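Commentary on secondary and tertiary structure
Residue-level listing of the chains:
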Amino acid sequence: MSSWLKLLVGGIVLLIIFLFFGVYHTTLTNFDFVVMHGVWKMRSDGLTEAMLFVTDLGSKHVSFPLMYILIVFFLLVKNPKLSLIVVFNLIGVREMNKWLKSIYHRTRPDEWPLIHETGLSFPSGHAMNSAAFFGFLGYLLWRYLRNRGIQAGYILVLTWMFIGLIGFSRVYLGVHFPTDVLGGFTAGAIWLILTLMLMKLTNTSVVGGGWIWKK
């Protein structure tokens, strides 16, 4: 199976999953509350501090500075295409999240939140943006190390564990339903696939790796 076909099939599968959560999120309320109440039983002062830190890592206060640093870095090493793709990845997924929230118009849970959040709930912006942006950064690092002959599968595992933890923090803090997070993960993964397709379409290389994703 070609890389194009793999990306296409993966995107279609993720789209079906996202549409399932999008269509049925209101009928999955019992599931949401069972999971939420189970997670909330884990609450403690120490864990709450940790989850506040993790959720901040998934915010724009971290992703935007990282984006600016990467833009400058890729420009300095004369890889402007990758700079533009990084911008497409983060700005694009954030705008897509706003658009999806306006369509589904789901309100946030209001039972025992630990922090105050405004705006709509589905899909989770933290989950969606993190899956797309940090997923892309993890992919770039994995491909770079792999091209150096280094076994780097652990990079992908750690990346998605980190993304999963960000999503978990949103449920733990009581500002999102679990289906918000699951919908965010799938939508973010779709945007990640679109980013990889754009990278492949433009033959964009990974900085310093000396390779181009072959067709």
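Residues numbered from 1 in each chain as written. Predicted model: local features only at pLDDT ≥ 70, side-chain atom pairs only at ≥ 80, totals over all residues. Heavy atoms only, no water.

1. Focus: the nonpolar core
The line we're drawing: Nonpolar cores were defined as sets of buried Ala, Val, Leu, Ile, Met, Phe, Trp, Tyr and Cys residues, with membership established by side-chain atoms within 4.5 Å. With a 1.4 Å probe rolled over the protein chains alone, any residue whose accessible area is under 20% of its type maximum counts as buried; one over 50% counts as exposed, and the rest are partly exposed. Runs of H or I in DSSP of at least four residues are treated as helices and runs of E of at least two as strands, each being numbered from the N terminus. Should any heavy atoms of two residues lie within 4.5 Å, those residues are counted as being in contact.
With 54 residues, the main nonpolar core has Met67, Val86, Phe133, Phe136, Tyr139, Leu140 and Met199 as its most contacted residues. Contributions of two or more residues to this core are made by α1 (3-24), α2 (29-40), α3 (45-57), α4 (60-76), α5 (80-104), α6 (125-147), α7 (153-172) and α8 (178-201). Aside from chain neighbours lying at most four places away, what touches methionine 199 is Leu82, Ile85, Phe136, Tyr139, Leu140, Thr204, Ser205 and Val206.

2. Section: the packing of aromatic side chains
Spelled out, the test is: Put simply, two rings from Phe, Tyr or Trp (the six-membered ring, in Trp's case) pair if the centres are within 6.5 Å, and we call them stacked under 30 degrees between planes, edge-to-face over 60, tilted for the rest. Each ring is checked for a lysine NZ or an arginine CZ that lies within 6 Å of its centre and within 35 degrees of its normal; such an atom marks a charge sitting over the ring.
In total, this model carries 13 aromatic pairs according to the counting rule given. Ring geometry for phenylalanine 133 and phenylalanine 134: centres 5.4 Å apart, planes at 65°, overall edge-to-face. In this structure, phenylalanine 133 and phenylalanine 134 share a single accessibility class: buried. The ring of tyrosine 172 carries arginine 43 above its face, with NZ or CZ at 5.9 Å from the centroid.

3. Some points on unusual backbone geometry
Leave glycine aside and you will find that most residues have negative phi; peptide bonds, for their part, are mostly trans. The omega torsion across phenylalanine 122 and proline 123 is -10°, close enough to zero to call that bond cis. Among the structural elements, proline 123 can be located in the loop between α5 and α6. In this structure, lysine 78 is a non-glycine residue whose phi angle is positive, near 60°. The class for lysine 78 is exposed, based on a relative accessible area of 75%. The phi angle at histidine 105 is positive, at roughly 50°, despite the residue not being glycine. Note on placement: histidine 105 falls in the loop between α5 and α6. Here histidine 105 falls in the exposed class, since its relative accessible area comes to 54%.

4. Remarks on the pattern of salt bridges
Pairs may arise between side chains of opposite charge once their charged atoms sit close together. Note the threshold: Should a side-chain nitrogen of Lys or Arg be within 4 Å of a carboxyl oxygen of Asp or Glu, the pair is scored as a salt bridge.
Per the counting criterion, the structure on display carries four salt bridges. Put simply, arginine 106 and aspartate 180 hold a salt bridge, and the shortest N to O gap is 2.8 Å. In this pair, arginine 106 sits in the loop between α5 and α6 while aspartate 180 sits in helix α8, placing the two residues 74 residues apart along the sequence. An identical accessibility class is assigned to arginine 106 and aspartate 180; each is buried. Residues participating in the shared-partner salt-bridge network are Asp32, Arg106 and Asp180.

5. Details of the packing of α6 against α8
Cut-off, in case you're wondering: To define axes, lines are fitted to C-alpha atoms, for helices over the stretch in contact only, and angles between the resulting N-to-C directions are given on a 0 to 180 degree scale. An angle counts as roughly parallel when it lies under 35 degrees, as roughly antiparallel when it exceeds 145, as roughly perpendicular when it falls between 65 and 115, and as oblique in every other case. By convention the crossing between two helices is left-handed if the near helix lies anticlockwise of the far one by an angle smaller than a right angle, and right-handed if it lies clockwise.
With their axes 7 Å apart at the nearest point, α6 and α8 run at an angle of 40° to one another. Classified by the angle their axes make, α6 and α8 are oblique. The two elements α6 and α8 cross, and the hand of that crossing is right-handed. Contacts between α6 and α8 involve Ala127, Met128, Ala131, Ala132, Gly135, Phe136, Tyr139 and Leu140 on the former and, on the latter, Val181, Gly184, Phe185, Ala187, Gly188, Ala189, Trp191, Leu192, Thr195, Leu196 and Met199.

6. Description of the layout of surface pockets
Here is the rule we go by: Grid spacing is 1 Å over the protein atoms alone, the probe is 1.4 Å, and a cavity is where that probe fits but cannot get out, while a pocket is an open set with protein on both sides within 12 Å along at least five of seven lines and lining residues have an atom within 4 Å of a point. Grid points are joined across faces, edges and corners, and a volume is the space filled by probe spheres set on the points. Here the nonpolar group is Ala, Val, Leu, Ile, Met, Phe, Trp, Tyr, Cys and Pro; Asp, Glu, Lys and Arg are the charged ones; every other residue, Gly included, is treated as polar.
Reported here for the largest pocket is a volume of approximately 360 Å³. Arg94, Asn97, Gly125, His126 and Asn129 are, among the 21 residues lining the largest pocket, the residues nearest its centre. Elements represented by at least two residues in the lining of the largest pocket include exactly α4, α5 and α6. If one sorts the elements of the lining of the largest pocket by residue count, α6 sits on top with six residues. Class assignment for the residues of the lining of the largest pocket results in three nonpolar, 11 polar and seven charged. In this structure, the second largest pocket encloses a volume near 240 Å³. Taken together, 15 residues line the second largest pocket, and the ones lying closest to its centre are Gly11, Leu15, Ile190, Trp191 and Leu194. Listed by contribution, the elements that provide at least two residues to the lining of the second largest pocket are α1, α5 and α8. Here the lining of the second largest pocket is composed, by residue class, of 14 nonpolar, one polar and no charged.

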